[in-house]
Structure formats: structure tokens, C-alpha cells
Amino acid sequence: AQADVEHLDLTAFLKQPAWQSDVNLQAHLEGEGLVPHELHSDVRVDIQPSHLGTITLQPSQIDLQARQGRFEVRRFDIVTSMARMQATGAIDLAGRSDLQYELTADLSDLRQLLDAERLVGEVRLHGQADGQWPDLTVRGALDVRDVQYQDYALDELHLAYEGSQL
């Protein structure tokens, strides 16, 4: 199946002027199966130049594949004026998994969408999930710097995390 979305304006659903948008993308889904071990699917989303309120979306791609219990992120790279999200790797229900992810964001572009007079700061989340299913280990860090929201401020936060047997 393929779906082309052109000039989608979310204010038609959300009824909030701040969400005025022009979203353009192509989505392609091909596959079969309903349970994880039977899935044989490919999903690809190509995001064309768009905007969501004041946030611009640059050309970006999502490319995922599912094959009999193995879910591979072949490409996940979303680029906007406020954030970049990336992921690569795979989660394998019958073998070794290794998935890396990263999100970096500048919060100031959310001001209009959240109707906040004061919102600035930087956020970075990065980490990985690896191991033999179901004994995956997830580790990474959340770094927050110079956040100001309304009357609140946070100079710096570094949070390292690790979890196992998820």
C-alpha cells in the first residue's frame, strides 16, 4: 500500500491556529503477518519539505523492516528546525539485538505550539539497547542545558541510565 500526503493542515483536526501546517510525505507499506514471528514487512516514509507551526521539516526518511521476529531500523533520520532524531540497528526476538538512538533538540521552536511565552534550552538523549532477547540492556544519557520555561529554570542536568532484563 502507498499513501501520499500533500499539504495536510493539522488545524483541520486540532482547531488551534498555532498548529497551522503543511505536511507532505509519502508512505509505503508492504508485507504480511500479524504476530511478530510471522511478520514479513517493509515500511518506508519519505518526508518532503513541510512545516508544523513554526517548525520546519527537512527531507527525512524512515525505513523499517520486519522479518520473522527481527525488526531492523535500516534508516531513521528525521531532521526539523528544532530537533534531529536518528536510530539504527535491530531488535531480534530470536537472536542478538543492537539498536542505537539519539535525539537532539532546541526547545525554543516549541514556544508557539505550546503557547508558552518563555521556553528555551537544549536537550540530548542518546543510548543503545543490546543483548539477547528478552535479556536486553538499555543504557544511555539524558543531557539538558540552559532550560527556561515560564518562571522556571534549569541550568544543567546529566542523567545516565541503565536497565537490564527488559
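A. Geometry of the nonpolar core. Counting residues in each nonpolar core, the largest one holds seven residues, listed as V73, A87, I91, L99, A129, L136 and V138. Counting only elements with at least two residues in this core, the list comes to β8 (83-92) and β11 (135-149). Those residues in contact with V73 that lie beyond four places of it in its chain are D63, L64, A87, T88, G89 and L99. Counting six residues, the second largest nonpolar core, distinct from the first, contains L107, A116, L119 and V123.

B. Region of interest: the pattern of salt bridges. Following the criterion strictly, the structure yields 11 salt bridges and no others. With a closest N to O distance of 3.0 Å, D42 and R67 form a salt bridge. Taken together, the residues span a long stretch of sequence, with D42 in strand β3 (residues 40-47) and R67 in strand β6 (residues 60-67) at a distance of 25 residues. Taking relative accessible area as the criterion, D42 reaches 18% and is therefore assigned buried.

C. Highlighting the pairing of strand β9 (residues 96-106). Where β8 and β9 come together, eight bridges link them in antiparallel fashion. The partner of R84 across the bridge, within β9, is T104. Connecting β8 to the antiparallel partner β9 that follows it, the hairpin turn spans three residues. The pairing of β9 with strand β10 (residues 119-132) spans 11 bridges and is classified as antiparallel. When the bridges of β10 are listed, D106 appears paired with E122.

D. Layout of the pairing of β6. Counting buried positions along β6 gives six out of eight residues, so the element sits mostly inside the fold. Sheet topology places β3 next to β6; eight bridges connect them, and they run antiparallel. Within β6, the residue paired with D42 across the bridge is Q65. With seven bridges connecting them, β6 and strand β7 (residues 70-79) associate as antiparallel partners. In the sheet register, L64 faces β7, and the bridge partner there is V73. Counted between consecutive antiparallel strands, the loop separating β6 from β7 contains two residues, among which Q68 sits at a positive phi close to 45°.

E. Spatial organisation of the side chain of D143. With respect to the helices and strands, the residue D143 is situated in strand β11. As a buried residue without a salt bridge, D143 has its nearest oppositely charged side chain in R124, at a separation of 4.4 Å. At a separation of 2.3 Å, a polar atom in the side chain of D143 contacts the side chain of H158. Excluding residues that lie within four positions of it along the chain, D143 makes contacts with E122, V123, R124, H126, L157 and H158.

About the cut-offs
- Residues numbered from 1 in each chain as written.
- Predicted model: local features only at pLDDT ≥ 70, side-chain atom pairs only at ≥ 80, totals over all residues.
- Heavy atoms only, no water.
- Core = buried A, V, L, I, M, F, W, Y, C linked by side-chain atoms within 4.5 Å.
- Buried < 20%, exposed > 50% of the residue type's maximum accessible area, 1.4 Å probe, protein only.
- Helix = DSSP H or I, 4+ residues; strand = E, 2+ residues; numbered from the N terminus.
- Contact = heavy atoms within 4.5 Å.
- Salt bridge = Lys/Arg side-chain N within 4 Å of Asp/Glu carboxyl O.
- Pairing = 2+ DSSP bridges.
- Lys, Arg positive; Asp, Glu negative; His and termini not counted.
- Polar contact = N/O pair within 3.5 Å; in protein donor to acceptor, adjacent residues only side chain to side chain.

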